[in-house]
Amino acid sequence: MEIRKALLIGYGNPGRGDDGLGPAFSEAMSARALAGLDVDTDYQLVAEHALAVADRDLVVFADALIGSGEPFRFERVAPGRPEVLGSHSLRPETVLALADTLYGGTPEAYVLGISGYEFGEVWEGLSGRAEANLEAAKAFFLSWYEDTLSRPVSVHA
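Model, not experiment: these values are computed from the prediction.

(A) Structural context of unusual backbone geometry. Residues other than glycine seldom take positive phi values, yet Ala 33 does so here, at roughly 50 degrees. With respect to the helices, strands and loops of the structure, Ala 33 is situated in the loop between α1 (21-32) and β2 (37-42). Given a relative accessible area of 62%, Ala 33 falls into the exposed group.

And the structure:
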């Protein structure tokens, strides 16, 4: 079986409470050293992520989710209309559009939003409810990733 070239980008600010869910998730997955998965942790998505994304078969963007009643949300995402490129922080859809436009890369991509509750205050760590949601997201992802590795790699146009 061919191993997919996969990338996980966890982003957010760990110094702002539950906004650190994305980095906490990516660091937990990095520690597991999953086959075929490279992991990047950053404060925000920027145009430079497009090059790394373009060279992958599969990309997952992990971030904190605000105002959801679910522990986490996992959705397929496609390249979207770029916002102003002078922005320092981009959406996953924009990073994918840049990867396609600049480098011809169109990976299968997903967004994993993990529900958080306490944002804004300057403090390290996660709230208890966000910690529980992080655990649920990790369990889901590990199962999903194993299943995904067993599927054939799709060829990108």
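(B) Representation of the packing of α1 against helix α4 (residues 128-149) in the model. Interaxial distance between α1 and α4 falls to 11 Å at its minimum, and their mutual angle equals 45 degrees. As summarised for this structure, α1 and α4 are arranged oblique, according to the angle between their axes. Crossing handedness for the pair α1 and α4: right-handed. Listed contacts from α4 to Leu 21, Ala 24, Phe 25, Ala 28, Met 29 and Arg 32 of α1 are Ala 130, Leu 134, Ala 137, Lys 138, Phe 141 and Leu 142. Grouping the amino acids of the contact of α1 with α4 by side-chain chemistry returns 10 nonpolar, no polar and 2 charged.

(C) Spatial organisation of the pairing of strand β1 (residues 6-11). Judged by how many residues are buried, β1 sits mostly within the fold: 6 of 6 residues are covered. Side chains Ala 6, Leu 8 and Gly 10 of β1 all project onto a buried face; the interleaved residues Leu 7, Ile 9 and Tyr 11 project onto the opposite face, where all are buried too. Bridging between β1 and β2 involves 6 bridges; their strand directions are parallel. Each residue of the ladder has a partner; that of Gly 10, found in β2, is Thr 41.

(D) Layout of the packing of aromatic side chains. In this structure the tally under the stated criterion is 8 aromatic pairs. Both rings, one in Tyr 110 and one in Trp 144, keep their centres 5.1 Å apart while their planes meet at 70 degrees; by these two values the pair is edge-to-face. Of the two residues, Tyr 110 sits in strand β5 (residues 108-116) while Trp 144 sits in helix α4, which places them 34 residues apart along the sequence. As far as the burial class goes, Tyr 110 and Trp 144 line up, both buried. Between Phe 141 and Trp 144 the ring centres are 5.7 Å apart and the planes differ by 40 degrees, which places this aromatic pair in the tilted class. In this pair, Phe 141 and Trp 144 are both assigned in helix α4, 3 residues apart and thus about one turn of the helix distant. Trp 144 shares its class with Phe 141; the two are buried. Each residue in the set Phe 25, Phe 72, Phe 74, Tyr 110, Phe 140, Phe 141, Trp 144 and Tyr 145 is aromatic and connected to the rest through ring pairs, giving one cluster. Just above the ring of Tyr 117 sits the side chain of Arg 129; from NZ or CZ to the centre is 3.7 Å.

Cut-offs used in this document
- Residues numbered from 1 in each chain as written.
- Predicted model: local features only at pLDDT ≥ 70, side-chain atom pairs only at ≥ 80, totals over all residues.
- Heavy atoms only, no water.
- Helix = DSSP H or I, 4+ residues; strand = E, 2+ residues; numbered from the N terminus.
- Buried < 20%, exposed > 50% of the residue type's maximum accessible area, 1.4 Å probe, protein only.
- Axes fitted to C-alpha atoms, helices over the stretch in contact; angles between N-to-C directions.
- Parallel < 35°, antiparallel > 145°, perpendicular 65-115°, else oblique.
- Left-handed = near helix turned anticlockwise from the far one by under 90°.
- Contact = heavy atoms within 4.5 Å.
- Nonpolar A, V, L, I, M, F, W, Y, C, P; charged D, E, K, R; others polar.
- Pairing = 2+ DSSP bridges.
- Phe/Tyr/Trp six-rings, centres within 6.5 Å; stacked < 30°, edge-to-face > 60°.
- Lys NZ or Arg CZ within 6 Å of the ring centre and 35° of its normal.

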